[in-house]
Amino acid sequence: MVLRIAQHEARLLIADRTLIAVSLVLVAIVAYGVANGASWVAFQQSTRDGIAAEEQERYRQLRERLGSPGSGTGVPADQVGTSLGARYAALPSGPLAAFVIGQSDLYPSYVKVSTEGRQSFAAADEIENPVHLLTGRFDLGFVIITLYPLIILALSYNLLSNEKEQGTLVLLLSQPLRLRTLVAGKVLTRAIAVVGLAIVVSIGSIALSGQDAAEGDFTSRLALWLAIVVSYGAFWFALAVAINALGRSSATNAVALAGTWLLLVAVVPALVNVLVRATYPVPSRVELVQAIRNASNEAQTEGTRLKARYFEDHPELVGAEADYSEFAIQSLATQNAIERSIAETLDHFENQLRRQQTLVDRLRFLSPAIAAFEALQDAAGTGSARYRHFMSQVESFHAQWRAYFHPLILRAQPIQADELERIPTFTYEEEPISQVTERVTIGLIGLVIPAAALAAISVPLLRRFTVVS
């Protein structure tokens with residue numbers, strides 16, 4: 001019976017041509033959104049290509065210099081470790097980055113690693129249009145979160161009220177047909193049309209985005225993406241059924257659903273944003289940069305005292321046979337002093353960001369839009385979790401870099417041509433798909449449980465539904 005109703009509803013929707021018009025508009029909007037996302041991914045790739053070319057050219061010049069007859073004893077290790085041989089640690093674009101840009105335009109996609117302290121990472125920001133940062137970007141994720149529910153509600157706000165107002169509901173229920181079966185048939189038709197269209201455009205967007213579907217865990221992430229799209233759509237269909245089950249007019253249903261959409265998609269996320277920023281305010285980046293400058297100036301003026309303190313902290317160096325470079329030792333002591341001076345500020349900055357994300361993770365269940373968006377970012381690889389995973393690898397590489405160069409600097413051992421190949425390099429290791437799945441599953445639970453609760457509420461309401469006004 002449900003299938004017969006669904007077939008009848010499908011014929012009505014096709015005859016009405018509204019669904020076809022909506023589908024064409026949606027495809028055009030999705031194409032524009034994916035093109036925006038692909039443009040951002042291409043920009044990031046060109047940036048990474050640029051820094052890779054710069055590093056390659058720098059090493060070519062260094063190799064040429066060391067290979068020249070006048071190179072003498074080589075190049076001082078502190079010069080190679082600080083500037084001449086500094087390596088870039090780059091974060092590749094997420095597997096589905098063209099689908100949703102997420103927070104990838106807020107964090108730098110590469111860091112220049114040298115023997116300087118980790119405060120140098122703060123200067124790694126890319127120059128981005130501030131209007132884009134303020135307003136966000138129009139991508140497939142935006143379409144899924146904001147426009148996709150509107151299409152569902154536009155097709156479902158009058159599931160029963162329209163039949164009731166036209167007087168056909170009485171005729172339908174005079175047949176051996178239960179009201180719940182009628183609703184199930186109507187919802188099934190619309191779900192296949194809208195959710196099916198969302199799945200098709202998501203899969204079709206792979207070709208538009210230009211990303212390689214055979215690369216890494218692309219297929220697993222796409223499956224997670226589609227699960228989010230289906231669950232998010234199920235929530236909005238369940239909400240439409242619950243509102244219809246109250247037995248109000250089509251106009252009242254439309255106002256109630258539009259108000260709920262505004263509340264859950266716009267108002268609650270905005271309030272959560274304000275609450276998170278007010279609860280854990282992050283020091284401004286200007287304040288952070290100023291603290292680094294002050295610490296640097298203070299360290300420069302106390303160079304001699306810092307060098308003496310450095311030897312106090314490293315008594316194994318006092319009286320050794322090594323031929324220390326005065327400038328190199330003083331530079332290391334200055335860097336250590338700067339790092340100690342701003343450690344508290346840096347830790348506070350990073351801890352506040354971590355606390356903000358933790359609070360967002362807890363509050364996301366207040367709005368399906370937040371839960372879905374966080375899950376979409378995780379599936380696409382453009383969320384904060386993947387960036388933290390990248391930065392943890394950068395911290396490890398930074399420690400490895402300093403462990404390699406500091407002994408060379410302290411021994412005043414110059415770098416020779418044959419040593420260039422032994423200088424550490426950075427290779428990003430993608431986070432395991434199991435961790436991504438775990439985070440996305442929590443978001444899915446935040447969508448499925450409210451949808452199931454609305455469906456459960458609708459059942460008794462439909463039993464008491466008044467067929468005649």
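The shown structure was predicted, so the numbers you read here are calculated from the model rather than taken from an experiment.

Draft legend 1. Region of interest: empty space enclosed by the protein. Under the criterion given, the structure shown has three cavities of 30 Å³ or more. Considered as a void within the structure, the largest cavity measures approximately 150 Å³ in volume. Lining the largest cavity are 17 residues, with Gln44, Leu91, Ser104, Gly381 and Arg386 positioned closest to its centre. Broken down by class, the residue content of the lining of the largest cavity amounts to six nonpolar, nine polar and two charged.

Draft legend 2. Region of interest: the nonpolar core. Counting residues in hydrophobic clusters, the biggest one holds 70 residues, and the most contacted among them are Tyr148, Trp225, Ile228, Tyr232 and Trp236. Secondary-structure elements contributing two or more residues to this core are α1 (2-16), α2 (18-67), α5 (140-156), α8 (179-209), α9 (218-245), α10 (250-279), α14 (368-380) and α16 (433-463). At 18 residues, the largest contribution of residues to this core is made by α9. In this structure Trp236 touches Pro149, Ile152, Leu153, Thr260, Trp261, Leu264 and Val265, once residues within four positions along its chain are discounted. Grouped together as the second largest cluster of nonpolar side chains are 29 residues, Ala77, Val113, Ile329 and Leu408 included.

Draft legend 3. Examining α5 more closely. Along its 17 residues, α5 runs 23 Å from first to last C-alpha, staying within 8% of the 24 Å computed at 1.5 Å per residue. Leu147 marks the point of greatest bend in α5, at about 40°, and the proline Pro149 comes within the next four residues. The buried fraction of α5 is high, at 13 of 17 residues. Of the residues that open α5, the one with a side-chain oxygen 3.2 Å from the backbone nitrogen of Gly141 is Asp139.

Draft legend 4. Region of interest: the packing of α14 against α16. Direction vectors running N to C along α14 and α16 enclose 160°, while the axes themselves pass 9 Å from each other. Comparing the axis directions of α14 and α16 gives the class roughly antiparallel. The two elements α14 and α16 meet at a crossing, and its hand is left-handed. Of α16, the residues touching α14 (which contributes Pro368, Ala371, Ala372, Ala375, Asp378 and Ala379) are Val436, Arg439, Val440, Gly443 and Leu447. The residue makeup of the contact of α14 with α16, split by class, is eight nonpolar, one polar and two charged.

Draft legend 5. Structural detail: the pattern of salt bridges. As enumerated under the stated definition, the model contains twelve salt bridges in all. Taking the shortest distance from any N to any O, the salt bridge between Glu54 and Arg58 comes out at 3.0 Å. Taken together, the positions of Glu54 and Arg58, both in helix α2 and four residues apart, correspond to about one turn of that helix. You can call Glu54 partly exposed: its relative accessible area is 31%. In this structure Arg58 comes out as buried when scored by relative accessible area, which is 12%. One salt bridge in this structure joins Glu55 and Arg87, with 3.1 Å as the shortest N-O distance. Here the residue Glu55 occupies a position in helix α2, and Arg87 occupies one in strand β1 (residues 87-90), the gap between them amounting to 32 residues. Taken individually, Glu55 and Arg87 each receive the classification buried, so the pair is uniform in this respect. Via salt bridges that share partners, Asp217, Arg221, Arg386 and Glu430 belong to a single interconnected network.

Cut-offs and rules
Residue numbering note: each chain is counted from 1, following its sequence as written. It should be noted that, the model being predicted, local features are given only for residues of pLDDT at least 70 and side-chain atom pairs only at 80 or more, the latter also being counted only at that level, while totals for whole chains, interfaces and linings use all residues. The basis for every side-chain value is the complete set of non-hydrogen atoms in the structure, without hydrogens or water. Put simply, the grid is 1 Å and covers the protein atoms alone, a cavity is a trapped set of points that fit a 1.4 Å probe, a pocket is an open set with protein on both sides within 12 Å along at least five of seven lines, and lining residues have an atom within 4 Å of a point. Grid points are joined across faces, edges and corners, and a volume is the space filled by probe spheres set on the points. By the convention adopted, Pro, Cys, Tyr, Trp, Phe, Met, Ile, Leu, Val and Ala count as nonpolar, Lys, Arg, Asp and Glu as charged, and the other residues, Gly among them, as polar. For this analysis, a nonpolar core means a set of buried residues of the types Ala, Val, Leu, Ile, Met, Phe, Trp, Tyr and Cys, connected via side-chain atoms within 4.5 Å. Relative accessible area decides the class of each residue, using a 1.4 Å probe on protein chains only: under 20% of the type maximum gives buried, over 50% gives exposed, and in between gives partly exposed. Think of it this way: any DSSP run of H or I at least four residues long counts as a helix, any run of E at least two long counts as a strand, and we number them from the N terminus. In what follows, a contact means two residues having at least one pair of non-hydrogen atoms within 4.5 Å. Working rule for helices: expected span equals 1.5 Å times residues minus one. Throughout, the bend at a residue refers to the angle made by two axes, fitted to the seven residues ending there and to the seven starting there. A 3.5 Å cut-off defines polar contacts: any pair of N or O atoms within that distance qualifies, except that in protein one atom must be a possible hydrogen donor and the other a possible acceptor, and neighbouring residues in sequence count only when both atoms are side-chain atoms. Orientation is described by axes fitted as lines to C-alpha atoms, over the contacting stretch for helices, and by angles from 0 to 180 degrees between their N-to-C directions. Oblique is the label for any angle not covered by the other classes, which are roughly parallel (under 35 degrees), roughly antiparallel (over 145) and roughly perpendicular (65 to 115). Crossing chirality is assigned from the near helix's rotation relative to the far helix, an anticlockwise turn below a right angle marking it left-handed and a clockwise turn marking it right-handed. Here, a salt bridge means any Lys or Arg side-chain nitrogen found within 4 Å of an Asp or Glu carboxyl oxygen.

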